[in-house]
Amino acid sequence: MSNGNAATAATPILQLSDIHTYYGSIHALKGISLEVHDGEIVTLLGANGAGKSTTLRSINGLNRPRQGHIRFQGRDITSVPAHEIVKRGIAQSPEGRRLFPRMTVIENLEMGAFQRKDRSEIKGDMDRVFELFPRLHERRTQKAGTMSGGEQQMCAIGRALMARPKLLLLDEPSLGLAPIFVERIFDIIKQINEQGTSILLVEQNALMALEAAHRGYVLETGRIVLADSAESLKTNEQVRKTYLGET
Amino acid sequence: MAADASVPTLANRFQRPSVVGALGMLVVLGAAALLLKNLTVSPSRFFEVTLIGLTTGCVYALVALGYTLVYGILELINFAHGDVFMLGGMFTITYSTHFFGLHSGQGFAIVPIVVATLILSMLSCGLINAAIEFVAYRPLRKAPRLAPLITAIGVSFIIQDVGLAWKGPNYVTAPDVFPHTKVFSFHGVDYGWNKLIVVAITIPVLLGLLYLVQQTRQGKAMRATAQDKDAAAIMGINVNRTISFTFMIAGSLAGAAGLCYSLYVTTVRYDQGFQLGLIAFTAAVLGGIGNLPGAVLGAVLIGLIQTWNEGLPWHMPGSDWTQSIVFSILILILVFRPEGLLGERTPEGG
């Protein structure tokens, strides 16, 4: 937590200023501004369709904003094509996991490191992913499409880690997982963060997300309606009512 | 019926497949009996025709792989592919005779000429195919799937017209340079060098392709793009460049096929690609569209079926019926086993 405070003064690693993104003719993001600082876990909360995944797709280049700017480590990446973004240091475990179903776990992990030049260190990184997710090691020669939802989720996170990102975008890492897996995944998210990777986390499970995150933003229909530290959001009455299921 | 179907008893579940299976079995058995009879009537003829069928199948395989590669990555049936193959034949004739002065009776001097022509022809067709994708299909990437399909048919006609304008409406002849002397002669079965050369060109190209797709970085990018384009992009794969590359590979295979065909059959005409393309497409579907080994298997089978039909002596339907037979196979496969012989039944279509 200490480095989270220290970093707030410096330039944020990721900065979105007033971005507007469209899905076809639908105005999905109506001026989103947010920041992720070095070493932070930042969470985006909001109902279905609020624009959480669209925000991630704007950052990774799959759905380019029509207005506004995205800066990563001080450099403008708004119009950088998707396949260049990962080279800059942003990796993603996308919505719906999006593994390569007819490739094995090992091949999927290798794809995560596709753009890396340091071939020799990839093996070591794969061992580290297997350390985080021993289950993946058991399944390493299995086709990704034949694994359970939880295993696929681990593989998707592992694949993103293989890029050695400075910033990790996680979209609904707990979706469809058994409760025991959810706890495990969040432990691992914290562990990854402690090893120095900043994380932008989109999550339906607001309680778990706020437990793990340093700060959070609340989105409603394409706009940010609340931004605060995770501690304050947890005690915020509106958040408690809408996202933590209290009456 | 509805009440019956809702009860998943063993008998119920096997009822429909068994009728279909029995019919299919009957057709296959009938064909096998006919072949067996032919084998007993004239074994030497049978084996000779089979060897010709394998040679034809090799040429089909090169073309069928192009269909399957492009389908695998874009889910587009590139109807212009057969015409790119036709251009390959035209390029072969132009390069070999006009540039390198190829003519019959040159002995071993043909080897470097054929190799150089092969490389040039593959390159030309590869570049043309990539250009077709860039001009005709890429702008339609986000359009409904019917749009690029119709465009592909349009491109097919355009290329035929280009061939017509370039070489005219008549058959263009290539010099007959592959020696017809026998590689071996066994109990009356003759196997000529001209057939062996076709196989000898095809097999290294096929192995090269397999290596490329399975082992190289570019091949991995191709497989990833075929399975999920967005996911491939966030892995750092340049999806558009990978698609261009795939079209280039498919085109160069068509170029190699064009060389084999034009030097083996020695005639090429502007509309030949369309027909052979449809046959090769059938082969790709038979093996399981999108599946590389499947395309080769399907092509060899179609090549064999065609030459058996045309070449065997005892009560075969003959060449008038070749197209009917080939396209009947296409229809039967699409109805009863749309995933093909080697295809997997997956939600994304294998």
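The structure presented is a predicted model; accordingly, all values stated were derived computationally and were not measured.

Criteria and thresholds
Residues numbered from 1 in each chain as written. Chains lettered and ligands numbered in written order. Predicted model: local features only at pLDDT ≥ 70, side-chain atom pairs only at ≥ 80, totals over all residues. Heavy atoms only, no water. Helix = DSSP H or I, 4+ residues; strand = E, 2+ residues; numbered from the N terminus. Rg over C-alpha atoms; globule rule 2.2 N^0.38 Å. Areas by Shrake-Rupley, 256 points an atom, 1.4 Å probe, with all protein chains shown as cover. Lys, Arg positive; Asp, Glu negative; His and termini not counted. Charge placed at Lys NZ, Arg CZ, Asp CG, Glu CD. pLDDT = per-residue confidence, 0-100. Contact = heavy atoms within 4.5 Å. Buried area = accessible area lost by both parts, 1.4 Å probe. Salt bridge = Lys/Arg side-chain N within 4 Å of Asp/Glu carboxyl O. Polar contact = N/O pair within 3.5 Å; in protein donor to acceptor, adjacent residues only side chain to side chain. Nonpolar A, V, L, I, M, F, W, Y, C, P; charged D, E, K, R; others polar. Pairing = 2+ DSSP bridges. Axes fitted to C-alpha atoms, helices over the stretch in contact; angles between N-to-C directions. Buried < 20%, exposed > 50% of the residue type's maximum accessible area, 1.4 Å probe, protein only. Phe/Tyr/Trp six-rings, centres within 6.5 Å; stacked < 30°, edge-to-face > 60°.

**As for the overall build of chain A**
Then, number 1: Along chain A, the regular secondary structure elements total 11 helices and 10 strands.
Then, number 2: Rg of the C-alpha trace for chain A: 17 Å, near the compact-globule value of 18 Å for 247 residues, within the 12% margin.
Then, number 3: In terms of overall dimensions, chain A has C-alpha extents of about 45 × 40 × 40 Å along its principal axes.
Then, number 4: Just so you have it, chain A exposes about 10,800 Å², and 47% of that area is on carbon and sulfur atoms.
Then, number 5: Each charge class in chain A can be summarised by its mean position, and for the 31 positive and 28 negative side chains these summaries are 7 Å apart.

**Topic: the confidence of the model for chain B**
All names here are of chain B.
Then, number 1: Overall, the prediction assigns chain B a mean pLDDT of 88, with 93% of residues at 70 or greater.
Then, number 2: Low pLDDT (under 50) marks residues 1–10, which in the prediction has 4 contacts with non-local residues, meaning those over four places away or in another chain.
Then, number 3: Within the model, the stretch residues 346–350 combines pLDDT values under 50 with 7 contacts to residues more than four positions away or in other chains.

**A look at the interface of chain B and chain A**
Then, number 1: Between chain B and chain A, the residue contacts involve 19 residues of the former and 23 residues of the latter.
Then, number 2: Taken together, the two surfaces of chain B and chain A that pack against each other cover about 2,100 Å², and 59% of this comes from carbon and sulfur.
Then, number 3: In terms of surface lost to chain A, no three residues of chain B exceed Gln-227, Ile-234 and Met-235 of chain B, which account for 35% of the buried area on that side.
Then, number 4: Put simply, chain B and chain A have 5 salt bridges between them.
Then, number 5: Linking Glu-110 of chain A and Lys-220 of chain B is a salt bridge whose minimum nitrogen-to-oxygen distance equals 3.4 Å.
Then, number 6: One can count 7 residue pairs in polar contact (both at pLDDT 80 or more) joining chain B with chain A.
Then, number 7: Of all the elements in the fold, those that place two or more residues in the side of chain B that touches chain A are helix H8 (217–227) and helix H9 (229–234) of chain B.
Then, number 8: Counting residues per element, the side of chain B that touches chain A draws most heavily on H8 of chain B, at 6 residues.
Then, number 9: Looking at the side of chain B that touches chain A, its residues break down into 8 nonpolar, 4 polar and 7 charged.

**Re the sheet that holds strand S7 (residues 167–171) of chain A**
All names here are of chain A.
Then, number 1: One open sheet accounts for 6 strands, arranged S6-S7-S8-S3-S9-S10; its pairing is mixed. Every interior strand has two partners, whereas the edge strands, strand S6 (90–93) and strand S10 (223–229), have only one. Between one strand axis and the next, the sheet turns through 15 degrees on average, direction left out of account.
Then, number 2: Pairing analysis gives 5 bridges linking S7 to strand S8 (residues 198–202), with the strands arranged parallel. Counterpart to Leu-169 in the pairing with S8 is Leu-200.
Then, number 3: Those strands touched by helix H7 (residues 149–161) are S6 and S7, and its axis lies near 175 degrees from that of S6.
Then, number 4: Packing of helix H8 (residues 179–194) onto the sheet brings it into contact with strand S3 (41–46), S7 and S8, and relative to S8 it is tilted by some 150 degrees.

**Details of the side chain of Thr-266 of chain B**
All names here are of chain B.
Then, number 1: Mapped onto the elements, Thr-266 comes out in the loop between helix H10 (239–265) and strand S4 (267–268).
Then, number 2: The class of Thr-266 is buried, set by a relative accessible area of 16%.
Then, number 3: If sequence neighbours within four positions are ignored, Thr-266 has contacts with Val-172, Thr-173, Ala-174, Pro-175, Asp-176 and Tyr-261.

**Here we look at the pattern of salt bridges**
All names here are of chain A.
Then, number 1: Tallying each qualifying case throughout the model produces 23 salt bridges over all chains.
Then, number 2: Notably, a salt bridge pairs Glu-121 with Arg-164, separated by 2.8 Å at the nearest N-O pair. You can see Glu-121 sitting in the loop between helix H4 (105–112) and helix H5 (122–132) and its partner Arg-164 sitting in the loop between H7 and S7, a full 43 residues away along the chain.
Then, number 3: On the basis of relative accessibility, which here comes to 37%, the residue Glu-121 falls in the partly exposed class.
Then, number 4: Arg-164 gets classed as partly exposed once you look at its relative accessible area, which sits at 39%.
Then, number 5: Ionic pairing is found between Arg-128 and Asp-125, a salt bridge with its closest N-O pair at 2.5 Å. Taken together, the residues Arg-128 and Asp-125, both in helix H5 and 3 residues apart, mark about one turn of the helix.
Then, number 6: Salt bridges sharing common partners tie together Arg-116, Asp-118, Glu-121, Asp-125, Arg-128 and Arg-164.

**Some details on the packing of aromatic side chains**
Residues and elements named next belong to chain B.
Then, number 1: Inspection of every chain in the model, using the stated rule, returns 12 aromatic pairs over all chains.
Then, number 2: Judged by centre distance (5.8 Å) and plane angle (15 degrees), the rings of Phe-46 and Trp-308 are stacked. Taken as a pair, Phe-46 in helix H3 (residues 43–74) and Trp-308 in helix H12 (residues 292–311) lie far apart in primary sequence, 262 residues in all. Taken individually, Phe-46 and Trp-308 each receive the classification buried, so the pair is uniform in this respect.
Then, number 3: Here the aromatic rings of Tyr-95 and Phe-99 are separated by 5.2 Å at their centres, their planes lie at 50 degrees, and the arrangement is tilted. Within this pair, Tyr-95 and its partner Phe-99 are both found in helix H4 (residues 81–99), separated by 4 residues, close to a single helical turn.
Then, number 4: Since its relative accessible area comes to 12%, Tyr-95 is described here as buried.
Then, number 5: For Phe-99, a relative accessible area of 53% puts it in the exposed group.

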